[in-house]
Structures are given as C-alpha cells and as structure tokens.
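# Working through the structure, step by step
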Amino acid sequence: QLSTKFYSKSCPKVLSTVESVVKSAVSKEKRMGASLVRLFFHDCFVNGCDGSILLDDTSSFTGEKTAAPNNNSVRGFNVVDDIKAKVEKACPGVVSCADILALAARDSVVILGGPGWDVKLGRRDSKTASFSAANSGVIPPPTATLSQLINRFQARGLSAKDMVALSGAHTIGKARCVLFRGRIYNETNIDSSFAKARQSNCPRTSGSGDNNLAPLDVATPDSFDLKYFNNLLNKKGLLHSDQILFNGGSTDSLVKKYSSNTKKFYSDFVTAMIKMGNITPLTGSNGEIRKNCRKPN
Ligand code: HEM
Ligand SMILES: [Ca+2]
Ligand SMILES: [Ca+2]
C-alpha cells in the first residue's frame, strides 16, 4: 500500500530535491514539464508504475524505449538521471525511480500552473521491462477510435471520465507532424484555418518534415489550463485522438463541462492521476531500488 509519508523518515529531503531539479529543468525548457508528465503515463500503462520505461537497451536486452509509442518520442531521461543523482546523494539506495517519476509529473503540472496533490509513494523499481507490451496493445495510438481509447483505459482500471480528464494533459507539450498529418489533411471535423496553419509546417508527403513539432494546445502550449478542451469545442484538436473526444459521441458532455469549469477539470484530473499512479506498483520486497534508473542493480 502506497503512502504519502513513505520517505518521511528515510529521506525527508526527497520532495524538495525533486521539485528543485524539475523547476530548473522547466525553467530552461517549458516543454520538459510536459515530457515528464508523459513519461509517467507511459511507465504506468506498461506493467504498472515500476520505472520500466527508464531502462536502457543493452546488447542482450531490448526495453521499452524503442517501442513504437516511445521511440524518438518520449524524453526527459536526463532530468530523471539528474534527480536520481541528487536524491542518491541525500539518501543512498532509498528512493525508487518509479516514485521519482510520480513526483516529477506532479511537480511539472504545478510548475506549469496546474493543480497540486499529495503523491502516494513506496513504489519499487522493476528489474526488467517489456518491449512487447509497450509496443502494442497497451498505450493507445493517436489514430484510435473513441471506443478503443475507452477500452485501453478501462484495461488499466481507468474510466472514460478518467481518460477524458487525463487527455487534458495535452494542454501542454508538443507532437510530431507524422502523428497529426492524417488529421490536418484528411479529416473534416477540423477548423480550416487551424488546419492550414498546421499544414504550413507539416508537409503532406510522408517522410518529409515528419519530426516537425506543433503544440498540442494551440492556445496556451506552456500553461496547464482548460484551453485544450476549448480547442476541442472549436475543432482545433491536434491529434485525431484529441478531437474524437468531442465529435458527437459519449464524451462530448464531459469535454463541454471541462471547457468552462477549471475546478471540475482539475479535481477529475487529480483523481485520475492518483488512480493512474496506483496501477500495479511493486511493493514490499518485490523489485528493487535501482541505483541508476537506466539499469537494474
Ligand atoms: C488518450 C490517449 C492518448 C493518446 C492517443 C496520446 C497520444 C499522444 C501523442 C501521439 C503525443 C505526441 C508524441 C510525439 O509527437 O512523439 C502525445 C504527447 C503528449 N501526451 Fe499524450 N496521449 C494520450 C494520453 C495522454 C495522457 C493520459 C497523458 C498524461 C496524463 C498524456 C500526456 C502527454 C503529454 C504531456 C504530451 C507532450 C509531451 C512532450 O511534449 O514531450 N497523454 N500524446
Ligand atoms: Ca512500467
Ligand atoms: Ca494549455
């Protein structure tokens, strides 16, 4: 059972240490806050919040970093290393990499103007990772239908409401052209001037400009707020999987509600982040406390 006080005796400085490293990383690059939030999501969905996503490949082991949803996409590993090094100095062998991800995600949201919450701690680190689980079937792709999105979250114990609230994390951060090209050229539920603007930096031809970036939230890309949901009402969702949340289906009413009610969005987002953070953690004597987040001890 996770607890907010897990390190209060063994490493009282962990909270302030994580916060200060995240603060300095985000002040250098706002996007890093978004990247750290996403890292936590992609860790928790694949075999639970166990730091599995942080393991590097070796000559005899392929981890999760090169799986399709992560490859050339997830980032922030150096910031996690930096946090881990400082935490190890303060309390060697005590704090897990999985808990560092949970704290860094929360701190990122707060620093970018979003809600705060008490993070439950006590997760331990996996000794392995799963390329196959990360590569297919667990993390939804941006081309997903609404029922696929709902099903993939349900498979992790998260409701449709949790899914919509968590999608609100796309109020920060960026995405690559290759992942929204189909939407801006082929879809009809898109604002035409928005589509044009995005097309200007994302060529139609596949293979050209694939890695060009655009903000997930056209209005306030560096602030954690409800503008993401406003964009959806205006057909300015960047990804297919964003706009599908407001496209005449069962989640329309929730999107509408969040678009005008910051309090409701924040409280549902926090509830869902805590739920996501509880996905099958390793506790007790399972797993280990890695010394280096990139490799098992
Ligand atoms: C609902 C299903 C979801 C889909 C289909 C999805 C898909 C994506 C895609 C395709 C990107 C861009 C990746 C790239 O360009 O390489 C992205 C970025 C991002 N996602 Fe999601 N996502 C989903 C849910 C979530 C959740 C639950 C969170 C966190 C709670 C989240 C947080 C983020 C953030 C913060 C970014 C920007 C990262 C950065 O700028 O480095 N997403 N997502
Ligand atoms: Ca994991
Ligand atoms: Ca925003």
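Here is what the cut-offs are and how they apply
- Residues numbered from 1 in each chain as written.
- Chains lettered and ligands numbered in written order.
- Predicted model: local features only at pLDDT ≥ 70, side-chain atom pairs only at ≥ 80, totals over all residues.
- Heavy atoms only, no water.
- UniProt positions renumbered as here; feature names shortened; annotations may be inferred.
- Helix = DSSP H or I, 4+ residues; strand = E, 2+ residues; numbered from the N terminus.
- Rg over C-alpha atoms; globule rule 2.2 N^0.38 Å.
- Buried < 20%, exposed > 50% of the residue type's maximum accessible area, 1.4 Å probe, protein only.
- Contact = heavy atoms within 4.5 Å.
- Areas by Shrake-Rupley, 256 points an atom, 1.4 Å probe, with all protein chains shown as cover.
- Lys, Arg positive; Asp, Glu negative; His and termini not counted.
- Charge placed at Lys NZ, Arg CZ, Asp CG, Glu CD.
- Donors = N, O, S within 2.8 Å, 3.2 Å for Na, K, Ca; no water.
- Tetrahedral: all angles 85-135°; square planar, octahedral: opposite > 155°, others 65-115°.
- Near = heavy atom within 4 Å.
- Polar contact = N/O pair within 3.5 Å; in protein donor to acceptor, adjacent residues only side chain to side chain.
- Nonpolar A, V, L, I, M, F, W, Y, C, P; charged D, E, K, R; others polar.

As annotated in an unreviewed UniProt entry, the protein chain carries the name Peroxidase and comes from Gossypium aridum. Checking UniProt for the protein chain, the heading Catalytic activity (unreviewed entry) contains the comment "2 a phenolic donor + H2O2 = 2 a phenolic radical donor + 2 H2O". What UniProt states about the protein chain under its Function (unreviewed entry) heading is, verbatim, "Removal of H(2)O(2), oxidation of toxic reductants, biosynthesis and degradation of lignin, suberization, auxin catabolism, response to environmental stresses such as wounding, pathogen attack and oxidative stress. These functions might be dependent on each isozyme/isoform in each plant tissue."

Now for the overall build of the protein chain. For the protein chain, the helix and strand inventory stands at 13 helices and two strands. Compactness check: the protein chain gives a C-alpha radius of gyration of 19 Å against a globular reference of 19 Å for 297 residues, within 12% of the reference. In terms of overall dimensions, the protein chain has C-alpha extents of about 55 × 45 × 35 Å along its principal axes. Taking all 297 residues of the protein chain together, 52% fall into the buried category. Considering only contacts in the protein chain between residues 6 or more positions apart, those separated by 24 or more positions represent 75%. Looking at the protein chain as shown, the accessible area adds up to about 12,800 Å², and 50% of this sits on carbon and sulfur atoms. Computed over 40 positive and 25 negative side-chain charges, the separation of the two mean positions in the protein chain equals 2 Å.

Let us look at the coordination of the calcium ion (ligand 2). Each pair of donors in an ideal four-coordinate tetrahedral metal site encloses 109.5 degrees, whereas pairs in an ideal six-coordinate octahedral site enclose 90 or 180 degrees. Around the calcium ion (ligand 2), the protein contributes the donor atoms Asp43 (O), Asp43 (OD), Val46 (O), Gly48 (O), Asp50 (OD) and Ser52 (OG), at 2.3 to 2.4 Å from the metal centre. Because the angles between the six donor atoms bound to the calcium ion (ligand 2) fall within 72 to 155°, the donor set is best described as irregular. Read from N- to C-terminus, the donor residues coordinating the calcium ion (ligand 2) fall into the pattern D-x2-V-x1-G-x1-D-x1-S. Across the pair, glycine 48 and aspartate 43 agree in class, each one buried.

Turning our eyes to something else, we now look at the site of ligand 1. Close to ligand 1 lie 26 residues; Arg31, Ser35, Ser73, His170 and Arg176 are nearest. With respect to ligand 1, the side chain of histidine 170 contributes an N or O atom lying 2.9 Å from a nitrogen atom. Of all the secondary-structure elements, those providing two or more residues to the shell around ligand 1 are α2 (31-45), α6 (146-154), α7 (160-167) and β1 (174-176). Ranked by residue count, the leading element in the shell around ligand 1 is α2, at six residues. Of the residues belonging to the shell around ligand 1, the class tally is 15 nonpolar, six polar and five charged.

So, on to the environment of alanine 160. For alanine 160, the position within the fold is in helix α7. Residue classification places alanine 160 among the partly exposed positions, given a relative accessible area of 28%. Alanine 160 sits 123 residues away from threonine 283 along the chain, and the two C-alpha atoms are 28 Å apart.

Mapped onto the fold, lysine 9 is located in the segment before α1 (14-28). In this structure the C-alpha to C-alpha distance between lysine 9 and lysine 236, which are 227 residues apart in sequence, comes to 48 Å.

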